[in-house]
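Results of the structural survey
Next come the chains, spelled out residue by residue.
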Amino acid sequence: METFTKATATALPKVQTKPPAGTKPFSSGGPAKMQTKPLVFQTTQIKRNEITQQTEVSPEEQFAKGEELFNSQDYERALECYKKASNKGNLSAQYKLGLMYASGKGIQKSNQIAKEWFEKAAEGGHPAAQFSLGEIYLKGLGVKPDDDLALEWLVKSANQGYHIAQCAIGCMYADGHGVEQDYEFALGWYVKAANHGNISAKYNIGCMYRDGEGVKQNYDHAMLWFTKASESGDSNAKCTIGHMYHYGEGVEKDYHKALQWYNEAAELGNSSAQYNIGCMYRDGEGLEQSFEDAMKWFMKAAELGDTEAQYNIGCMYRDGEGVEISFERALDWFMKAGDEGDADALFAIGCMYDAGQGVENSREKAIEWYAKAADKGHEGAKLLLGIDDDDDDDDDDDDDD
């Protein structure tokens, strides 16, 4: 960082504003007055230089000021500080500008401009920016999706120990996204991320042991990793442990423990846990059956977009469980779930058109909805339409020929 030497006033000749005793004051038009002007000018210039040098702000200080303003939600001034720091090469400020443009926080959202700032920081070696750039290419945010470039940047970030990138690479190999599916390789990356404290990686390792993906199925190991994730506050892990106790997966079935874990997850806003609690009230599992309480929990989950909860609310209105029968409301909830691709809801809509419940009877429309459900794999819809999975396989073989 450039350093500056502060000029001192003692190095300058003093400008007399009052004549010393025994001398005559300068006359208003005398030549002596002219001698003081260069001295005053020189003093003023040096003082200006002192101020400039004293107010020179480093890029690190500019970034810190930007963070302070951003945290106080003064986004406009924060943006200016980040830009000043970025223009002086501060990688963290460049990365933060990328985040602001990517989220549209305090500025008009622009994935393209976000990418440009992430790229600057990433090329400078900023691991979080490298991850963000990889994510942009992975998801095609403002650019054409490019799995190869995504993986390249994610690996650069991961090799610097950035655990979010390590977990993301694990997901790519687990899902076979842009790479050949390899559970063992996925597990290796998850373990690296977990060792750096990544909560999602801990949860994913638990899933692999539970499902026997890349490793021999081991419920004890699964529970160990789910517990590690839950201790870090992961609601999915808490819900999954509840599910294991609910259905006796690797542990003795225990509705009380299931409800306890579900409640912990539900308090953290986990919609699956809220839905599961609703199911326990509806079915009277471990507690007194209550359709009213079931509806309350289904509503909480549905408001968070849980399609299974939306579908079950539709069923309760259709069947009059805890509420007065209303085919119109039932159809509304089935439509909400169906819009998100829920096969059961799509089939239920078909049934309502078939029976004329809340809508005008229409076999033609019923078949349309059954077809949509069948496309999502609904076995009942396939049966009604006379669709045979073996016939589909034969068609696929013909296409290969």
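Residues numbered from 1 in each chain as written. Predicted model: local features only at pLDDT ≥ 70, side-chain atom pairs only at ≥ 80, totals over all residues. Heavy atoms only, no water.

In this section: helix α6 (residues 127-139). Between the first and last C-alpha of α6 there are 18 Å, a value that for 13 residues agrees with the 18 Å anticipated at 1.5 Å per step. The set of residues buried in α6 consists of A128, A129, Q130, F131, S132, L133, G134, I136, Y137 and L138. Against α4 (91-103), α5 (111-123), α7 (147-158) and α8 (163-175) lie the buried residues of α6. One or two residues past the end of α6 sits G140, with phi positive at roughly 65°. (Helix = DSSP H or I, 4+ residues; strand = E, 2+ residues; numbered from the N terminus. Expected span 1.5 Å × (residues − 1). Buried < 20%, exposed > 50% of the residue type's maximum accessible area, 1.4 Å probe, protein only. Contact = heavy atoms within 4.5 Å.)

This paragraph deals with the environment of A373. Mapped onto the elements of the fold, A373 is located in helix α19 (residues 363-375). Residue A373 is classed as buried on the basis of its relative accessible area, which comes to 0%. Sequence spacing of A373 and A345 is 28 residues, and the spatial spacing of their C-alpha atoms is 8.0 Å. Discounting chain neighbours no more than four positions away, the residues touching A373 are A343, L346, F347, H378 and A381.

Before going further, it helps to spend a moment on the environment of S235. Within the secondary structure layout, S235 lies in helix α12 (residues 235-247). Sequence separation between S235 and N263 is 28 residues; the distance between their C-alpha atoms is 10.0 Å. Contacts of S235, omitting those with residues within four sequence positions, involve A265, L268 and N270.

Right, let's talk about the nonpolar core for a bit. Nonpolar side chains in soluble globular proteins generally cluster together in the buried interior. Among the nonpolar cores identified, the biggest contains 76 residues, and Y82 and Y190 are the most heavily contacted of them. When neighbours within four sequence positions are excluded, Y82 is seen to be in contact with F63, G66, E67, F70, A93, K96, L97 and M100. Among the nonpolar cores identified, the runner-up in size contains 32 residues, and M295, I313, Y353 and A366 belong to it. (Core = buried A, V, L, I, M, F, W, Y, C linked by side-chain atoms within 4.5 Å.)

Two elements in contact, α12 and helix α13 (residues 255-267), have axes separated by 8 Å at closest approach and are oriented at 165°. Between α12 and α13, the angle falls in the class roughly antiparallel. Along this stretch, α12 crosses α13, giving a crossing that reads as left-handed. Contacts between α12 and α13 involve S235, K238, C239, I241, G242, H243, Y245, H246 and Y247 from the former and Y255, K257, A258, W261, Y262, E264 and A265 from the latter. In terms of residue class, the contact of α12 with α13 is made up of nine nonpolar, four polar and three charged. (Axes fitted to C-alpha atoms, helices over the stretch in contact; angles between N-to-C directions. Parallel < 35°, antiparallel > 145°, perpendicular 65-115°, else oblique. Left-handed = near helix turned anticlockwise from the far one by under 90°. Nonpolar A, V, L, I, M, F, W, Y, C, P; charged D, E, K, R; others polar.)

With that out of the way, let us pick up α8. Between the first and last C-alpha of α8 there are 18 Å, a value that for 13 residues agrees with the 18 Å anticipated at 1.5 Å per step. Looking at α8, one finds that the buried residues are A165, Q166, C167, A168, I169, G170, M172, Y173 and A174.

Inspection of the entire model under this criterion finds 10 aromatic pairs. Each ring, one from F131 and one from Y162, has its centre 5.9 Å from the other, and the planes form 45°; the classification is tilted. Separated by 31 residues along the polypeptide, F131 in helix α6 and Y162 in the loop between α7 and α8 bring together distant segments of the chain. In textbook terms, an aromatic cluster arises when at least three aromatic residues are bridged by ring pairs, as seen for F63, F70, Y75 and Y82. Seen from the ring of F70, K96 lies directly overhead, with NZ or CZ sitting 4.2 Å from the centre. (Phe/Tyr/Trp six-rings, centres within 6.5 Å; stacked < 30°, edge-to-face > 60°. Lys NZ or Arg CZ within 6 Å of the ring centre and 35° of its normal.)

Once that is clear, we can look at the pattern of salt bridges. One pass over the full model with this rule turns up 12 salt bridges. K65 serves as the salt-bridge partner of E68, at 3.8 Å between the closest nitrogen and oxygen. One end of the pair is E68 and the other is K65, both in helix α2 (residues 59-71) and three residues apart, which spans about a single turn. Here D283 makes a salt bridge to R282, at a shortest N to O gap of 2.9 Å. (Salt bridge = Lys/Arg side-chain N within 4 Å of Asp/Glu carboxyl O.)

What follows covers the confidence of the model for the chain. Caution applies to low-pLDDT regions: their predicted coordinates should not be interpreted in detail. The predicted model of the chain has a mean per-residue pLDDT of 87, with 83% of residues at 70 or higher. Residue range residues 1-44 is modelled with pLDDT below 50. Its contacts to residues more than four positions away, or to other chains, number 17 contacts. Segment residues 48-54 is flagged for pLDDT under 50; beyond a separation of four residues in sequence, or across chains, it makes five contacts in the model. (pLDDT = per-residue confidence, 0-100.)

Think of two packed helices as two axes; the pair is described by the angle between the axes and how far apart they sit. Look at α13 against helix α14 (residues 271-283): their axes get within 8 Å of each other, and the N-to-C directions meet at 145°. Both α13 and α14 take part in a crossing whose hand is left-handed. When α13 is examined against α14, the residues Y255, L259, Y262, N263, A265 and A266 are found in contact with a partner set consisting of A273, Q274, N276, I277 and M280. Of the residues that constitute the contact of α13 with α14, the class distribution is eight nonpolar, three polar and no charged.

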